[in-house]
Amino acid sequence: MPTVSMTVNGKQVSGEVEARTLLAQFIRENLELTGTHIGCDTSQCGACVVHVNGSSVKSCTMLAVEADGADVTTIEGLAMDGDTLHPMQEAFRDNHGLQCGFCTPGMVMSAIDLVDRNPNPTDSEIRDWLEGNICRCTGYHNIVKSIAAGAAAMRGQKAAAE
Amino acid sequence: MSATGIGASVKRKEDFRFLTGRGNYTDDINQPGQTYAYILRSSHAHAKIKKIDTADAKSAPGVLAIFTGEDMQVGSLPCGWAVNNKDGSPMNEPPHPPLAQGKVRYVGDQIAVVIAETYAQAKDAAERIVLDLEELPAVTTVDAAIAPGAPLVHDDLAPGNMCYDWEIGDEAETDAAFKGAAHVVSIDVTNNRLVPNAMEPRAAIGDYNKGTGEYTLYTTSQNPHVIRLLMGAFVLQLPEHKLRVVAPDVGGGFGSKIYHYAEEAIVTWASEKVRRPIKWTAERSESFVSDAHGRDHVTHADLALDASGKFLGLKVYTKANLGAYLSTFSTCVPTYLYATLLAGVYTTPKVYANVKSIFTNTVPVDAYRGAGRPEATYLLERLVSKAARELGMDQVEIRRKNFIPADAFPYQTPVALQYDSGDYEATLKKAMELADWNGFAARKAEAAGRGKLRGIGISTYLEACGIAPSAVVGSLGARAGLFESANVRVHPTGSVSIYTGSHSHGQGHETTFAQLVSETLGIPIENVNIDHGDTNRIAFGMGTYGSRSLAVGGEAIMKALGKVVDKASKIAAHLMEASAEDVEFKDGKFTVAGTDKEVDFGTVALTAYVPHNYPHETLEPGLEENAFYDPMNFTYPGGCHICEVEIDPDTGVTKVVNMTAVDDVGRVINPMIVEGQIHGGLAQGIGQALLENCEYDENGQLLSGSFMDYCMPRADNFPGFQATTESTLCAHNSLGVKGCGEVGAIGSPPAVINAVLDALADKGVTDISMPATSHKVWQAIQNAQMPAAAE
Amino acid sequence: MYDFSFQSPASAADAASALGAAEDGKILAGGQTLLPTMKQRLAMPSDLISLKGCRDLVGISSDGSTLTIGAMTTHGAVAASTEVAKAIPALSALAGGIGDPQVRNRGTLGGSLANNDPAADYPAAVLGLGATVVTTKREIAADDYFQGMFETALDDDEIITAVRFPIPQAAGYAKFDNPASRYALVGVFVAKTAAGPRVAVTGAGQGGVFRASDIEGQIASGQEPNSASIDEGELNGDIHASPAYRKHLIGVMAKRALASAG
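Cut-off values and rules
- Each chain has its residues counted from 1, running along the sequence as written.
- Chains and ligands are labelled by the order in which they are written, letters from A for the one and numbers from 1 for the other.
- With pLDDT at 70 or above as the cut-off, local features in this predicted model cover only qualifying residues; side-chain atom pairs require 80 or more to be listed or tallied, and sums for whole chains, interfaces and linings still use all residues.
- Water and hydrogen atoms were dropped before computing side-chain values, which therefore reflect all heavy atoms in the structure.
- What counts as a helix is a DSSP run of H or I of at least four residues, what counts as a strand is a run of E of at least two, and both are numbered from the N terminus.
- Atoms considered for the radius of gyration are the C-alpha atoms alone. The globule rule reads 2.2 Å times the number of residues to the power 0.38.
- Summary of the burial criterion: residues with accessible area below 20% of their type's maximum are buried, those above 50% are exposed, and those between are partly exposed, where the area comes from a 1.4 Å probe applied to protein chains only.
- We call two residues contacting when some pair of their heavy atoms lies within 4.5 Å.
- Buried area adds together the accessible area that both of two parts lose upon being put together, with accessible area traced by a 1.4 Å probe.
- Within this document, salt bridges are pairs made up of a side-chain nitrogen of Lys or Arg and a carboxyl oxygen of Asp or Glu, the two lying within 4 Å of each other.
- Side-chain atoms alone can form a polar contact between residues adjacent in sequence; in general such a contact is a pair of N or O atoms within 3.5 Å, and within protein one must be able to donate a hydrogen while the other accepts it.
- Here the nonpolar group is Ala, Val, Leu, Ile, Met, Phe, Trp, Tyr, Cys and Pro; Asp, Glu, Lys and Arg are the charged ones; every other residue, Gly included, is treated as polar.
- pLDDT expresses, on a scale from 0 to 100, how confident the predictor is about each individual residue.
- Within this analysis, the arc is defined by the directions that extend from the helix axis to the C-beta atoms.
- Source of the domain bounds: an automatic or database domain assignment.
- Two strands make a pair as long as DSSP finds a minimum of two bridges between them.
- Here the aromatic set is Phe, Tyr and Trp, taking the six-membered ring for Trp, and pairing holds for ring centres within 6.5 Å; pairs whose planes are under 30 degrees apart are stacked, those over 60 apart are edge-to-face, and all others are tilted.
- Placement of a charge over a ring requires the Lys NZ or Arg CZ to be within 6 Å of the ring centre, with the centre-to-atom vector within 35 degrees of the ring normal.
- We call a crossover right-handed when, viewed with both strands directed away from the observer, the connection leading from the first strand over the helix to the second proceeds clockwise.

1. Focus: the overall build of chain A
Helix and strand counts for chain A stand at 5 helices and 5 strands. Helices and strands in chain A line up, N terminus first, as β-β-α-β-β-β-α-α-α-α. Relative to a compact globule of 162 residues, whose C-alpha radius of gyration would be 15 Å, chain A shows 16 Å and is just as compact. Taken along its principal axes, the extent of the C-alpha atoms in chain A is 45 × 35 × 25 Å. Of all 162 residues assigned to chain A, the portion counted as buried reaches 67%. If you take every contact in chain A between residues at least 6 apart in sequence, the share linking residues at least 24 apart comes to 58%.

2. Comments concerning the interface of chain C and chain B
Residue-level contacts link 21 residues of chain C with 22 residues of chain B. For the chain C and chain B pair, buried surface summed over both sides reaches about 1800 Å², with 50% attributable to carbon and sulfur atoms. If you sort the residues of chain C by the area they bury against chain B, Arg41(C), Arg182(C) and Ile239(C) come out on top, with a joint share of 32%. The interface formed by chain C and chain B holds 5 salt bridges in total. At the boundary of chain C and chain B, one finds 14 residue pairs in polar contact (both at pLDDT 80 or more). Considering each element in turn, the side of chain C that touches chain B owes the most residues, 7 residues, to helix H11 (residues 243-261) of chain C. Looking at the side of chain C that touches chain B residue by residue, the classes come out as 12 nonpolar, 5 polar and 4 charged.

3. Comments concerning unusual backbone geometry
All names here are of chain B. Proline 410 follows phenylalanine 409 through a cis peptide bond whose omega is 0 degrees. Turning to its location among the elements, proline 410 is positioned in the loop between helix H10 (395-402) and strand E16 (411-412). Residue proline 771 is bonded to the preceding methionine 770 through a cis peptide linkage, with omega at -10 degrees. Within the fold, proline 771 resides in the loop between helix H18 (743-760) and helix H19 (774-785). The phi angle at aspartate 296 is positive, at roughly 70 degrees, despite the residue not being glycine. Mapped onto the elements of the fold, aspartate 296 is located in the loop between helix H8 (284-290) and strand E13 (297-305). Take aspartate 296: its relative accessible area is 14%, and that puts it in the buried class. At serine 547, a position not held by glycine, the phi torsion is positive, near 45 degrees.

4. Examining the confidence of the model for chain C
Averaged over every residue, the pLDDT of chain C is 97; residues scoring 70 or more account for 100%. Complex prediction metrics read pTM 0.97 and ipTM 0.98.

5. Quick notes on H10(B)
Residues and elements named next belong to chain B. For H10, the complete set of buried residues consists of Gln395, Val396, Ile398, Arg399 and Asn402. The buried side chains of H10 occupy one side of the element, clustering within an arc of 165 degrees when seen end-on. Lining the buried residues of H10 we find E13, strand E14 (311-323), helix H9 (373-391), helix H11 (424-434), strand E18 (453-462) and H18. Among the residues of H10, the N-terminal cap falls to aspartate 394, whose side-chain oxygen and the backbone nitrogen of valine 396 are separated by 2.8 Å.

6. Details of the domain arrangement of chain A
All names here are of chain A. One can read the domain layout of chain A as domain 1 (3-77) and domain 2 (87-161). The C-alpha centroid of domain 2 is placed 21 Å from the C-alpha centroid of domain 1. In this complex, domain 1 contributes 17 residues to the contact, which on the side of domain 2 involves 16 residues. Together domain 1 and domain 2 conceal approximately 1200 Å² of surface at their shared face, both sides included; 59% is due to carbon and sulfur atoms. The interface formed by domain 1 and domain 2 holds 0 salt bridges in total. At the boundary of domain 1 and domain 2, one finds 8 residue pairs in polar contact (both at pLDDT 80 or more). Top element by residues in the side of domain 1 that touches domain 2 is strand E4 (residues 55-58). It accounts for 3 residues. Looking at side-chain class alone, the side of domain 1 that touches domain 2 contains 5 nonpolar, 11 polar and 1 charged residues.

7. A closer look at the interface of chain B and chain A
The partner chain A presents 44 residues to the 54 residues of chain B that form the contact. The largest share of the area that chain B buries against chain A comes from Leu19(B), Met199(B) and Arg714(B), three residues that together contribute 18% of it. On inspection of chain B and its partner chain A, the count reaches 4 salt bridges. Arg20(A) is the salt-bridge partner of Asp124(B), the closest N and O atoms lying 3.0 Å from each other. In this assembly, chain B and chain A are joined by 25 residue pairs in polar contact (both at pLDDT 80 or more). Among the elements of the structure, helix H1 (15-19), helix H3 (119-126), H8 and helix H17 (671-691) of chain B are those that each provide at least two residues to the side of chain B that touches chain A.

8. So, the sheet that holds strand E6 (residues 130-135) of chain B
All names here are of chain B. Strand order in the open sheet made by the 3 strands is E4-E2-E6, with antiparallel pairing throughout. The open sheet is flanked by strand E4 (103-104) and E6, the only strands paired with a single partner. Sheet analysis places strand E2 (residues 47-53) next to E6, joined by 6 bridges and oriented antiparallel. Considered in E6, the bridge of isoleucine 49 is made with leucine 133.

9. Regarding the side chain of Ser227(C)
All names here are of chain C. With respect to the helices and strands, the residue serine 227 is situated in the loop between helix H10 (213-220) and H11. Within the structure, the side chain of serine 227 is placed 2.6 Å from the backbone oxygen of lysine 247, a separation counted as a polar contact. In this structure serine 227 touches Lys247, His248, Ile250 and Gly251, once residues within four positions along its chain are discounted.

10. So, the packing of aromatic side chains
Residues and elements named next belong to chain B. Tallying each qualifying case throughout the model produces 29 aromatic pairs over all chains. Taken together, a centroid distance of 4.8 Å and an interplanar angle of 50 degrees make the contact between tyrosine 208 and tyrosine 215 tilted. With respect to burial, tyrosine 208 and tyrosine 215 carry one shared label: buried. The structure contains a cluster of three or more aromatic residues connected by ring pairs, namely Phe311, Tyr346, Phe403, Phe409 and Tyr424. In this structure, arginine 17 packs its charged tip against the face of phenylalanine 18, placed 4.7 Å from the ring centre. The positively charged end of lysine 315 is found above the aromatic ring belonging to phenylalanine 178, 5.3 Å away from the centroid.

11. Things to note about the pairing of strand E20 (residues 496-500) of chain B
Two faces make up the sheet, and in a regular strand the side chains alternate between them. Residue and element names in this part refer to chain B. The buried fraction of E20 is high, at 5 of 5 residues. Two elements, strand E19 (residues 484-490) and E20, share 5 bridges in a ladder whose sense is antiparallel. Residue pairing for E20: valine 488 is matched across the bridge by isoleucine 498. Linking E19 to E20, which pair antiparallel, is a turn of 5 residues; within it glycine 494 sits at a positive phi near 95 degrees. Summarising the sheet, E20 and strand E21 (residues 528-531) pair through 4 bridges and their orientation is parallel. By the bridge assignment for E21, serine 497 is matched with asparagine 529. A crossover links E20 with its parallel partner E21, the connecting element being helix H14 (residues 509-521), and its sense is right-handed.

Shown next, in the form of structure tokens:
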């Protein structure tokens with residue numbers, strides 16, 4: 001069986017996997033990071049979105065062996081120092097951007113990638129960007145609001161750091 | 001109003017774990033020694049099982065066991081509601097085995113379970129099971145199923161594929177009302193079949209404990225106690241004290257996770273056979289053929305009106321598709337949750353409905369967000385709008401003319417229900433203001449300048465939820481009570497644990513219920529924990545569906561809190577050397593009227609557990625109370641939804657440009673959460689109206705079997721919503737609460753379709769079916785412009 | 001998904017030899033179509049040969065008359081490239097509309113073309129622009145490359161290394177999404193080239209992407225494009241759109257593509 005090594009949430013990890021093991025399975029089963037969810041089998045719902053080398057990808061549509069040597073961030077990697085939420089996580093809480101919570105990790109990871117590329121997205125740009133993230137609970141209204149607020153908070157954080 | 005009490009938009013307590021990936025959903029749970037199940041499902045809609053050869057598959061790597069229906073001889077998955085035929089005879093109720101016996105009846109029906117060390121091994125091995133099936137002709141639509149000579153899904157157990165032929169209302173009196181009518185307006189509508197698609201696929205882990213003989217089932221359920229009862233008593237014959245059902249964090253339900261499913265029984269039963277825990281998790285394409293679907297009605301209705309547009313009578317004939325087997329609550333959805341709503345918000349004096357529920361070779365159909373009420377609302381609000389157009393009346397005026405007035409409550413309808421409160425004029429007025437109804441003509445003209453067809457549609461609706469009085473539903477055939485239980489445990493230091501039978505899978509109970517406690521006991525919300533979802537921790541529960549959590553579960557908590565306050569007041573009286581009648585409790589403090597004596601809730605709690613100075617002769621130590629609450633009536637939310645669309649006539653694409661909802665949900669505990677619930681309902685309602693459709697071919701193959709073909713609404717399908725509340729209080733519960741979980745999905749579909757038809761009216765289009773896809777809209781325009789071609 | 005043996009060669013040439021040597025090998029580019037297909041067990045390659053290590057296959061360059069894009073360049077990279085935006089803005093827009101952001105971060109030009117999904121976007125651009133598909137063996141003109149639904153001119157051991165797009169005078173792409181999958185229900189690419197207009201249609205044809213020569217003629221003669229002469233019998237029909245609706249949409253999308261070409 002192939003061996004894979006990668007950095008996940010800043011930690012070096014490795015494991016033996018079948019070649020067919022998906023990155024999502026490796027994260028959930030081998031690493032026991034169950035915040036990354038699997039909501040479909042056709043690469044559409046986005047519950048499994050993680051960052052690989054800084055870009056959001058669907059971890060259910062990437063082989064673990066393809067992530068060999070990569071730097072992976074999952075939802076668990078955002079609020080590393082215990083209880084301090086990432087501004088995007090905080091924005092989702094403040095704006096009731098989640099209900100059942102199942103799509104939420106993917107939504108948050110996707111939203112951060114958007115803001116990394118487009119620090120001040122319009123509502124319409126946010127809605128377009130979310131094409132690959134399906135939520136059945138919220139009607140997206142508060143997710144859009146959350147991401148706009150999260151983007152503002154991330155801009156603020158960046159400005160403060162500069 | 002306190003910052004964390006009733007009426008405050010408290011941020012949700014549950015969000016931290018969900019936002020940090022620390023939720024605990026069923027598939028996140030792993031037990032030591034866990035094995036994996038793969039369910040081999042039928043790829044035929046209807047076939048006789050001649051032989052299942054598992055010998056080769058059993059020798060595949062990692063396989064521990066394979067079971068078929070022959071091996072698993074257990075009870076039938078039960079139906080929870082008996083509906084009688086018109087003539088009083090009982091419905092046809094064919095058995096529903098967890099693993100198929102003799103025949104498979106839909107694509108997805110369970111044939112065998114393979115248990116292996118890994119899921120991949122189980123799935124690999126399943127391909128080596130050799131099936132000898134004799135294909136039979138299939139029926140997928142209600143009309144095909146009741147045609148003479150149609151293939152029979154259950155052979156002689158359901159002649160004519162009929163489950164029941166049921167009626168409500170007085171047919172003769174309704175006919176008489178039609179005799180004097182100046183106008184009769186008729187409509188034929190189809191309520192499209194939907195796939196619920198909660199984002200978390202269903203999963204189950206069965207775990208038999210060899211030492212104690214106890215079974216534990218972890219499952220994605222909205223009501224773990226109901227599963228324990230149904231699976232224990234009816235399917236596997238396991239007593240409650242040997243069976244624990246845990247529904248941990250659940251990723252959305254929308255009705256689809258109410259029912260007791262075959263996979264739950266299979267993994268529980270098989271875990272005893274293989275003596276190891278067994279996990280099953282659905283793949284999404286499997287969810288499409290194994291989660292109960294929703295809706296699927298075909299209806300003809302006639303509305304009689306007098307010359308002024310006043311409704312005189314309504315006759316409704318509905319055929320409901322139940323799928324291949326009776327899912328847990330399937331039978332009550334097209335009857336007691338549908339036809340009883342046909343008076344709507346109107347004073348229609350005579351209503352008659354006949355409902356035929358029919359078996360087909362499709363996935364079982366059951367309640368999906370709204371369950372029966374969206375079907376009733378869609379029919380009624382389409383019909384009322386059609387009547388307005390045919391009579392040349394204004395859409396709003398025809399509704400106003402027929403509204404049950406605000407001073408007419410309690411109001412007895414001709415179809416069994418007695419509404420307790422409402423003010424339909426108030427929600428209408430507010431919605432029209434918010435939607436700028438009067439400014440529509442200008443917006444339409446502006447859109448026309450851009451080549452777009454703009455339309456506006458309205459729906460004034462009502463629903464019955466907060467289900468329900470046990471005695472009433474029992475008299476109507478329910479085989480369960482519909483109360484709720486609560487336990488309030490005050491800890492020695494004054495923090496509080498609530499154990500509720502309501503289950504939260506997105507609704508935010510951990511926050512809303514905690515607000516009730518914070519308000520009632522005057523303690524910080526951080527000091528309250530809401531526990532749910534485990535039959536070992538929670539005394540009993542009927543679970544979450546029918547927008548009942550607050551109106552029933554919340555009331556049970558209030559009742560238990562009341563008992564806590566009573567007992568605490570007595571302890572406080574003792575401490576303050578006063579009479580209990582003189583003790584007042586407010587903002588967490590007990591005081592004695594006319595004195596400066598005061599003792600806080602925490603001191604009383606501590607005293608209850610360290611009872612040194614305590615009225616032992618009259619009170620037991622401790623501070624913990626139980627309550628069961630069984631409501632007096634349903635609750636009746638209602639309101640007004642207004643939708644505005646723009647249609648691109650070149651492509652037929654319909655864009656919702658404005659969606660306004662003003663709902664009367666009773667008292668609002670947490671406005672943020674209530675609005676969120678309404679948003680979600682609106683998205684599902686608009687989804688039904690414009691995007692979603694579950695489609696079978698004539699052979700029973702599911703054509704919309706994945707997100708590639710079933711159109712799940714996405715963010716870019718919607719505008720921002722204008723959703724708010726305008727409430728009257730429920731008259732029969734202490735909080736005055738009604739329910740908000742389903743209103744969005746109930747009121748919106750007809751508003752959307754009425755808007756589409758309004759936009760297309762100038763093109764000569766008078767009818768369109770849901771979902772009004774771009775293809776259908778384009779086709780409707782073509783047909784209207786070429787009448788000959790439409791024939 | 002069935003198991004397979006995984007290889008990750010460092011160059012396209014090595015990948016091609018591995019592909020030739022494998023019993024039933026498949027190239028893994030971005031995997032955004034192949035992996036879902038394998039998850040459904042509709043493909044069962046013995047070997048997956050990943051191109052992720054082939055850095056020679058990634059990159060975008062332009063010499064003023066030709067835009068060359070490496071086969072392993074992701075849709076996201078194409079959409080974000082200023083080089084592409086300058087040379088063929090319609091191609092940027094097309095790439096930016098494929099799938100969703102996460103699919104665009106993995107999916108590649110070469111993967112899309114090798115798969116030749118009848119509802120994919122890139123085939124419309126490659127055919128519409130008259131691009132050249134460069135492989136480990138040869139160069140294939142777009143007009144020869146697409147051979148029907150999921151069929152291409154590629155040999156079993158041949159790998160796309162790059163695509164050379166001649167820079168047109170103007171070009172536009174208009175896509176009508178399948179409401180569920182968001183693939184193209186109908187996509188029309190219009191290019192104005194020195195040799196005259198080229199129009200390619202994806203999503204609609206039973207045989208995959210095709211050139212609409214009548215529409216090319218209409219544009220050449222300054223008429224408004226229409227789809228009247230398209231044979232409905234050659235178009236797809238499914239639960240989302242009948243052949244007649246697709247035919248109608250070809251006309252509408254052609255107009256819109258032309259308008260966006262300017």
